[in-house]
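# Residue-level structural notes
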Amino acid sequence: MVQKTIGVLTSGGDAPGMNAAVRSVVRAALKKGFRVLGIQRGYNGLIHGEMQEMNMRSVSDIIHRGGTILYTARCLEFKEEAGVLKAVQVCKEQGIDGIVVIGGDGSFRGAADLSAHGIPCVGIPGTIDNDISCTDYTIGYDTAMNTAVEMIDKIRDTAQSHDRCSVVEVMGRRAGHIALNTGIACGASFIIVPEVGYHIEDVITKISAARELGKHHFIIVVAEGIGKVDEISKEIETRTGIETRGTVLGHVQRGGNPSVRDRVEATRMGYRAVELLEQGIGNRVIGIKGAEIVDYDIQEALQMKKSFDMELYHIANEISF
Ligand code: ADP
Ligand code: F6P
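Let me sum up the structure you'll find in this document. (Residues numbered from 1 in each chain as written. Chains lettered and ligands numbered in written order. Predicted model: local features only at pLDDT ≥ 70, side-chain atom pairs only at ≥ 80, totals over all residues. Heavy atoms only, no water.)

### A closer look at unusual backbone geometry
Backbone geometry places D61, a non-glycine residue, at a positive phi of 60°. Along the chain, the position of D61 falls in the loop between strand 3 (51-54) and helix 3 (81-94). On the basis of relative accessible area, D61 is assigned to the exposed category, the value being 61%. For R173, which is not glycine, the phi torsion reads 55° and is therefore positive. Along the chain, the position of R173 falls in the loop between strand 6 (165-170) and helix 6 (177-185). (Helix = DSSP H or I, 4+ residues; strand = E, 2+ residues; numbered from the N terminus. Buried < 20%, exposed > 50% of the residue type's maximum accessible area, 1.4 Å probe, protein only.)

### A short note on the site of ligand 1
The immediate surroundings of ligand 1 are formed by 14 residues, with R74, C75, G104, G106 and S107 found nearest. At a separation of 2.9 Å, an oxygen atom of ligand 1 approaches a polar backbone atom of G104. Within the contact set of ligand 1, an oxygen atom lies 3.4 Å away from a backbone nitrogen or oxygen of D105. Considered on its own, ligand 1 offers 550 Å² of accessible surface; in the complex 82% of this is hidden by protein. (Near = heavy atom within 4 Å. Polar contact = N/O pair within 3.5 Å; in protein donor to acceptor, adjacent residues only side chain to side chain. Areas by Shrake-Rupley, 256 points an atom, 1.4 Å probe, with all protein chains shown as cover.)

### What to know about the sheet that holds strand 8 (residues 218-223)
As summarised here, the arrangement of the 4 strands in space is 7-8-6-9, forming an open sheet in which the pairing is parallel. Each end of this open sheet is capped by a strand with a single partner; those strands are strand 7 (190-192) and strand 9 (244-248). Recorded for the sheet is a direction-independent mean angle of 15° between the axes of neighbouring strands. Both strand 7 and strand 8 contribute to a ladder of 3 bridges, which runs parallel. (Pairing = 2+ DSSP bridges. Axes fitted to C-alpha atoms, helices over the stretch in contact; angles between N-to-C directions.)

### Details of the nonpolar core
In this structure, V100, I124, I220 and I236 are the most contacted members of the largest nonpolar core, which totals 74 residues. Residue contributions to this core peak at 8 residues, all from helix 1 (residues 18-31). Every residue in contact with I220, bar those within four places of it in the chain, is listed here: C165, S166, V167, V168, S189, F190, I192, V203, I207 and I236. Counting 30 residues, the second-largest nonpolar core is a separate cluster that includes Y43, I99, F108 and C121. (Core = buried A, V, L, I, M, F, W, Y, C linked by side-chain atoms within 4.5 Å. Contact = heavy atoms within 4.5 Å.)

### Looking at the site of ligand 2
Residues in contact with ligand 2, as listed here, are R74, T127, I128, D129, M171, G172, R173, E224, H251 and R254. With respect to ligand 2, the side chain of R74 contributes an N or O atom lying 2.8 Å from an oxygen atom. At 3.1 Å from an oxygen atom of ligand 2 is found a side-chain nitrogen or oxygen belonging to R173. Starting from 400 Å² of accessible surface for ligand 2 in isolation, the protein chains cover 77%.

### Details of the pairing of strand 4 (residues 98-103)
The side chains of a regular strand alternate between the sheet's two faces. Burial within strand 4 is extensive, with 6 of its 6 residues counted as buried. On strand 4, burial covers both faces: G98, V100 and I102 on one face and I99, V101 and G103 on the other are all buried. When strand 4 meets strand 5 (residues 121-125), the two strands line up parallel, connected through 5 bridges. Residue I102 lies in a different strand from strand 5, and its bridge partner there is I124. Crossover connection from strand 4 via helix 4 (residues 105-116) to parallel strand 5: handedness right-handed. (Right-handed = clockwise from strand over helix to strand, strands pointing away.)

What follows is the structure, encoded as structure tokens:
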């Protein structure tokens, strides 16, 4: 019997835990008798044939490392039909029978295109933003939130010492999941997310009410999808007289050693992806629903809508004083 080949790539923004997913895919596939190719820099590497054969040792010592050993990229060429056809040609030349794509929604669109051209692909959700609808959880989310909380705790020390207000922007692209959870974990006085929007009046009222109750320093967490950290900071300072500083946490949130949760979920999802390809099943994306690993048709998954946890948002508002 001819040995089959599986490729694995990481695409879009990197996320802590991607290495754990790569490790799981490589080892599961080798164990099942596949030849495994590590494709570098996402679809870019696929189009240009940048890939190398992986063995059990290729993925040693990476489970604890942030970033991705396969590198990642955003490849505009692959969004065009000609780019996809080039990639299909490379797959044929290299004898690739299926690919595991670790990334976000954009990467899954590419995986669907490849699947439609006869290269079965399975997507694994990897992004710190947790903004992928078909899954409760995306690889990197937990680590990024823990990093943000660690940073905001440090900001609180200095805000407390100076009786200041600190406005902190966290990542999340257009989604407020990171902001909501880090805001709660840091005891923020106000959390501003795109799913809800904000009126500066409400922020000022909240700060003033808390000050009446004896509070001297304040943390306001703002999601990247809102931005405007300087504008919000200035407004707070002018209207309340409280000295205010703005901080954009930025890419620090994308790095660092993955948390236990990210390592474990990445391992579980990687294993399932290989099981699907082993059965010849492509055009699927893996997800986690509750405690279960699930999988969906990619187009179906891309059409799903993710809800924002309004109950948690209201709890945060109720108890922040
Ligand atoms: P993410 O996967 O994190 O959402 P991007 O949106 O940057 O990140 O997508 C990653 C890569 O996936 C892109 O650089 C491109 O190569 C590919 N991709 C994105 N959108 C599409 C699309 N509509 N069709 C085909 N490929 C796409
Ligand atoms: O999707 C992950 C993410 O870090 C978002 O939170 C952020 O909007 C974006 O990527 C930043 O992208 P880049 O690294 O290209 O600046």
